[in-house]
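Letter by letter, the chains look like this.
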Amino acid sequence: MKAITLLGSTGSIGTQTLDIVAQYPEQFRIVGLTAGRNVTLLAQQIRQFRPEIVAIGDENKLVELKEAIADIDPQPIILAGETGVVEVARYGDAEAVVTGIVGCAGLLPTIAAIQAGKDIALANKETLIAGGPVVNPLIEKHGVKILPADSEHSAIFQCLQGVLPGSLRRIILTASGGSFRDLPIEKLAEVTVADALKHPNWSMGQKITIDSATLMNKGLEVIEAHYLFGMDYDDIDIVIHPQSIIHSLIELQDTSVLAQLGWPDMRLPLLYALSWPERIHTDWKPFDLVKAGDLTFREPDHKKYPCMQLAYAAGRAGGSMPAVLNAANEQAVALFLEEKIQFLDIPKLIEKACDKHQPDNCESPGLDDILAADKWARQEVLVESMELGARILSVR
Ligand SMILES: NC(=O)c1ccc[n+]([C@@H]2O[C@H](COP(=O)([O-])OP(=O)(O)OC[C@H]3O[C@@H](n4cnc5c(N)ncnc54)[C@H](OP(=O)(O)O)[C@@H]3O)[C@@H](O)[C@H]2O)c1
Ligand SMILES: C[C@](O)(CO)[C@H](O)COP(=O)(O)O
Ligand SMILES: [Mn+2]
């Protein structure tokens, strides 16, 4: 039985992970759970899975959580705030930590888990994009494994099983195209948050759904693939595949191409990340090529979706630039979700922050440099957005 700790238990990744644990209680045991603010759902999860330790990210919710589970015996250790989440990540005999927390908030807990010798089932891509220069050396130093849970990187990881080192020539990331894939570019200026949250194939958290709509999710996944598989940016391509059936492909030195297919269901990459190198027998809906229907592919439209090129440029710049790209994106998406900026402002704000950071890019950033770059980028986007807002208001 594998003991696991789950960061972000109340989110899309978190609840799907707990679905798996509930289905296979003989395979998995929950050691720790963390959430951000959703006390009601976290309390339910604590009742069901009886973790040894829990944390709520929002310290103002600690009393509410303690009251919600006061009758449970024995009581778990109950912590709060970023330090509490970090403590859960490093706690006890968990063999693996599932990083279902969203954003760079996952960086410090992930580092703590690695330093405690725990394998990482990595869904939280922002941690690797921002913290790659620090995380990868730590993975090596502590001899732990990063098991990709992101559907594309799981597909690549699965295709690589049994492939000899040095045989990988190219990675091809598939992209659904997101909510606006069939919308003419001239219509993007007026899209709403509600429009952007209507992902055609996947049900996910709000932030990543917006990232899918801007194609920044795919750009982030290019950087994620660079850090996970050591590929140069010139050897990582993107193809639009509206059906989200082929979850990515690898091309080998002899030009042979391997792909992983399946229904768009995040439980499968999560299950494989948790059970690797084993395969657990499931009774889930078998894949059916005929039912899946036509599989189509097209080139990404970089004019319509500038975020992809912004990500390639930040990845190639390296150093602290990916951390700036990621934080600027997190901040811009948050502003869009709050309806303070428009959809097309997202890439504009990110590009401004990256351009401004260029002369200060730290080539070999340590953790403090990454955290400082993250903080600077969020502040930069906030200031720029206010000026943007002021200009918009002055025009009205
Ligand atoms: N969803 C997917 O299908 C999918 C697929 C591939 C990769 N991913 C990646 O997985 C990660 C999670 O995505 P998601 O869609 O599951 O997001 P989500 O539904 O928004 O869930 C985010 C989780 O993180 C918690 N959280 C947010 N901010 C926090 C903070 N500051 N401190 C502690 N906890 C915090 C939330 O808690 P509360 O809800 O309690 O506030 C929630 O449990 C992201 O990095 C995403 O890119 C997701
Ligand atoms: C489910 C997914 O892996 C989240 O990262 C997938 O990448 C989302 O679909 P899209 O291709 O980015 O639209
Ligand atoms: Mn993905």
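Everything numeric here is computed off the predicted structure, so don't read it as measured data. (Residues numbered from 1 in each chain as written. Chains lettered and ligands numbered in written order. Predicted model: local features only at pLDDT ≥ 70, side-chain atom pairs only at ≥ 80, totals over all residues. Heavy atoms only, no water.)

Draft legend 1. Quick look at the pattern of salt bridges. Considering all chains together, one arrives at 26 salt bridges under this definition. When the shortest N-O distance is used, the salt bridge between Glu64 and Lys61 registers 3.7 Å. Accessibility expressed as a relative area gives 36% for Glu64, which makes it partly exposed. The partner of Asp211 in a salt bridge is Lys207, with the nearest N and O atoms 2.7 Å apart. Residue Asp211 and its partner Lys207 are located together in helix α9 (residues 206-214), separated by four residues, close to a single helical turn. The residues Asp211 and Lys207 share a single accessibility class, namely buried. Here the residues in one salt-bridge network are Lys125, Asp150, Glu152, Lys218 and Glu221, joined through shared partners. (Salt bridge = Lys/Arg side-chain N within 4 Å of Asp/Glu carboxyl O. Buried < 20%, exposed > 50% of the residue type's maximum accessible area, 1.4 Å probe, protein only. Helix = DSSP H or I, 4+ residues; strand = E, 2+ residues; numbered from the N terminus.)

Draft legend 2. Layout of the pairing of strand β8 (residues 168-175). The buried fraction of β8 amounts to six of the eight residues, a majority that puts the element mostly inside the structure. Note: β8 against strand β10 (residues 246-252), four bridges, orientation antiparallel. Among the inter-strand pairings, Leu168 is bridged to a residue of β10, identified as Leu252. (Pairing = 2+ DSSP bridges.)

Draft legend 3. Spotlight on the site of ligand 2. Lining the immediate surroundings of ligand 2 are 15 residues, of which Ser151, Glu152, Ser176, His199 and Asn217 lie closest. One of the side-chain nitrogen or oxygen atoms of Asp150 is found 2.9 Å away from an oxygen atom of ligand 2. Contact between ligand 2 and Glu152: an oxygen atom at 2.4 Å from a side-chain N or O atom of the residue. Burial of ligand 2 by the surrounding chains reaches 96%, relative to a free accessible area of 350 Å². For the shell around ligand 2, the secondary structure elements donating two or more residues are α7 (151-160), α9 and α10 (216-229). No other element matches the three residues that α10 contributes to the shell around ligand 2. Here the shell around ligand 2 is built from residues that sort into five nonpolar, five polar and five charged. (Near = heavy atom within 4 Å. Polar contact = N/O pair within 3.5 Å; in protein donor to acceptor, adjacent residues only side chain to side chain. Areas by Shrake-Rupley, 256 points an atom, 1.4 Å probe, with all protein chains shown as cover. Nonpolar A, V, L, I, M, F, W, Y, C, P; charged D, E, K, R; others polar.)

Draft legend 4. The arrangement of the sheet that holds strand β6 (residues 119-122) in detail. Taken in spatial order, the seven strands make up an open sheet running β4-β3-β2-β1-β5-β6-β7, and their pairing is parallel. Every interior strand has two partners, whereas the edge strands, β4 (77-80) and β7 (146-148), have only one. Each strand of the sheet is rotated relative to its neighbour by a mean of 20°, with strand direction disregarded. Where β6 lies against β7, three bridges are found, and the strand directions are parallel. Bridging across to β7, Ala121 finds its partner in Leu147. On top of the sheet, helix α1 (residues 12-23) reaches β1 (2-7), β2 (28-35) and β5 (96-99); it is set at about 160° to β2, its chief contact. (Axes fitted to C-alpha atoms, helices over the stretch in contact; angles between N-to-C directions. Contact = heavy atoms within 4.5 Å.)

Draft legend 5. Layout of the site of ligand 1. Close to ligand 1 lie 23 residues, the nearest being Thr10, Ile13, Gly36, Asn38 and Glu126. Within the contact set of ligand 1, an oxygen atom lies 3.1 Å away from a backbone nitrogen or oxygen of Gly11. In isolation ligand 1 offers 900 Å² of accessible surface; the protein chains occlude 82% of this area. Looking at the shell around ligand 1, the elements with two or more residues in it are α1 and α6 (125-142). Tallied by class, the residues present in the shell around ligand 1 amount to nine nonpolar, 10 polar and four charged.

Draft legend 6. Spatial organisation of the environment of Ala22. Within the secondary structure, Ala22 is located in helix α1. Looking at Ala22, the relative accessible area reads 39%, which means it is partly exposed. Setting aside residues up to four positions removed in sequence, Ala22 forms contacts with Gln48 and Phe49.

Draft legend 7. Spotlight on the layout of surface pockets. Its boundaries defined by the atoms lining it, the second largest pocket holds a volume of some 310 Å³. In this structure, the second largest pocket is lined by Gln260, Leu261, Gly262, Trp263, Asp265, Arg267, Leu268, Thr282, Trp284, Lys285, Pro286 and Phe287. Listed by contribution, the elements that provide at least two residues to the lining of the second largest pocket are β11 (257-261) and α11 (267-275). Residue classes in the lining of the second largest pocket are distributed as six nonpolar, three polar and three charged. (1 Å grid on protein atoms, 1.4 Å probe; cavity = no way out; pocket = protein on both sides within 12 Å on 5 of 7 lines; lining within 4 Å. Points joined across faces, edges and corners; volume = space filled by probe spheres on them.)

Draft legend 8. Seen up close, the pairing of β6. Side chains of β6 alternate between two faces, with Asp119 and Ala121 and Ile120 and Leu122 buried alike. In terms of strand pairing, β5 meets β6 through four bridges, oriented parallel. When the sheet's bridge partners are listed, Val97 is paired in β6 with Ile120. Chirality of the crossover, the property in question, places the unit of β5, helix α5 (residues 107-115) and β6 among those that are right-handed. (Right-handed = clockwise from strand over helix to strand, strands pointing away.)

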